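Structure assessment
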Amino acid sequence: MTFGNKIEPELITVTMNKLRSVERGTHALSSIPDADQATTSAARCVLLAGSARGGTSWALKTLDAHPAICGCHEPFYQLTKDESLRGLVDRLKDGQGTEQDARLLISMTTKGRVETHKPPFFPKHFLKAPAMLRTGAWMSARAFNSLRPIFEYLETGNLTDDHRLVIKNRPFPHLDRVLKSINSDVLILLRHPCGVVNSWLRGIRMGVMDGSSADPATTWKRYSQYLEPIGLTEQQLFNMSETGVLAVNWLVDTLIFRQYESSNLRTRTVVYEDLVSNPIDEWTRVFEWMGLPFDPAVKSFLTDSSKPRFDIRNLMGKKYAYFSVQRREKSPKESWRTDMTSYDIAEVMNIVTPHFQVDHYWPTTTPSRPVVLKTLEPTLAIIP
């Protein structure tokens, strides 16, 4: 057996047999196992939770670089797009799921789907196929649906208690019930609210991010249960700019994080800017919390991802380039200071500061003098 350094002859044979079965039409393109037949993974699950544009894509790939980690990109969103699986997630969210439902969810999460397992790929202890072969299979599967089973076969492995399944997903109401059903830990990633809003706005204006999160009506419908208890009214929300509405989305994420921390879930909070400033020490502590050693492959990825270089996703258009894990900003920690106007920064801070201790995580980033916005006065003015 190899761990991704070369292609084994038996792997080639099995892969070719899979390809022939696809050509004959004998391999289902989207085979969904019954709950009783679902593979039970012994790997510990960890949710990587963060706001949209909060650095979670880069963080997921940093974790995924470890040979004992299976990284999965937003599986809960992807699975609910499948009518046959939506009921599964809904039952777990409602607290009515069974142990079989939990096993099936883990099985479908570890399955190498094109939408949830994305490049760059890395050598793995639990996979025989080298990273380069899986990269080629992923690109082929993106182009031809009939080749998806090949990628699924190469990217799906049997995880043991020596491995970790890391699931990246933005928090949503009742996700904690799903996490408890699969006995998952939670790694919370915080990025400065202005950094999140700045990147989010850029994506919306580029047309690669869904603009509904900047819509006050949609945001109120989704999150009024969180906003009313903190005194934020529907009228205040409708008076905000897109910048303000996105800041409210960031704030809601932190309120959900607070629920995780106060529940029985095992959690750890890390700050994106700290990971960028001091990557080796900060990530070493994260891996210790996960019960894994810091691996040289992780250090290699951290070095490579901090330098401008070729990213295969750039070939697939501006959407994939925008979501690249290659950090191309001169200063990913502070770019919002020059990209955003003083009014935009003030609006974000006016919304967030009364409900979240920004200075605890990012000292000296709160404006030195109060700025009162007419649309929010007096409830959400910054207190000097």
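Further up the page is the structure itself.
Residues numbered from 1 in each chain as written. Predicted model: local features only at pLDDT ≥ 70, side-chain atom pairs only at ≥ 80, totals over all residues. Heavy atoms only, no water.

1. Considering the packing of aromatic side chains
Counted by the stated rule, this structure contains 14 aromatic pairs. Pairing Phe122 with Phe301 gives two aromatic rings, centres 5.6 Å apart and planes at 90 degrees, and the pair type is edge-to-face. In this pair, Phe122 sits in the loop between helix H5 (99-110) and helix H6 (131-143) while Phe301 sits in helix H15 (residues 296-305), placing the two residues 179 residues apart along the sequence. Like Phe301, Phe122 is buried. Between Phe356 and Trp362, the aromatic rings sit 6.3 Å apart at their centres with planes inclined by 35 degrees, giving tilted as the arrangement. Members of the aromatic cluster, each reached through a chain of ring pairs, are Trp58, Tyr272, Trp283, Phe287 and Phe294. (Phe/Tyr/Trp six-rings, centres within 6.5 Å; stacked < 30°, edge-to-face > 60°. Helix = DSSP H or I, 4+ residues; strand = E, 2+ residues; numbered from the N terminus. Buried < 20%, exposed > 50% of the residue type's maximum accessible area, 1.4 Å probe, protein only.)

2. Details of the sheet that holds strand S1 (residues 44-50)
The strand order S2-S3-S1-S4-S5 describes an open sheet built from five strands, whose pairing is parallel. Two strands in the sheet have a free side with no partner beyond their single neighbour: strand S2 (69-73) and strand S5 (267-271). In this sheet, neighbouring strand axes are inclined to one another by 20 degrees on average, regardless of whether the strands run parallel or antiparallel. Two elements, S1 and strand S3 (residues 164-168), share five bridges in a ladder whose sense is parallel. (Pairing = 2+ DSSP bridges. Axes fitted to C-alpha atoms, helices over the stretch in contact; angles between N-to-C directions.)

3. With respect to the pairing of S3
Taken across its five residues, S3 has five buried, putting it largely inside the fold. Along S3, one buried face is formed by Arg164, Val166 and Lys168 and the opposite face, lined by Leu165 and Ile167, is buried too. Summarising the sheet, S2 and S3 pair through five bridges and their orientation is parallel. Bridge pairing in S3 places Cys70 opposite Leu165.

4. Structural notes on the pattern of salt bridges
For the coordinates displayed, the defined rule picks out eleven salt bridges. Between Glu152 and Lys111 there is a salt bridge, with the nearest N and O atoms lying 3.7 Å from each other. One end of the pair, Glu152, is in helix H7 (residues 148-155); the other, Lys111, is in the loop between H5 and H6, and 41 residues separate them in sequence. The pair Glu152 / Lys111 is uniform in exposure class, with both members buried. Asp185 is the partner of Arg266 in a salt bridge, and the nearest nitrogen-oxygen pair spans 2.9 Å. Within this pair, whereas Arg266 is found in the loop between helix H12 (242-262) and S5, its partner Asp185 is found in strand S4 (residues 185-190), the two being separated by 81 residues in sequence. The exposure class of Arg266 is partly exposed, given its relative accessible area of 37%. Exposure remark for Asp185: the relative accessible area of 3% places this residue in the buried category. Residues participating in the shared-partner salt-bridge network are Arg44, Asp185 and Arg266. (Salt bridge = Lys/Arg side-chain N within 4 Å of Asp/Glu carboxyl O.)

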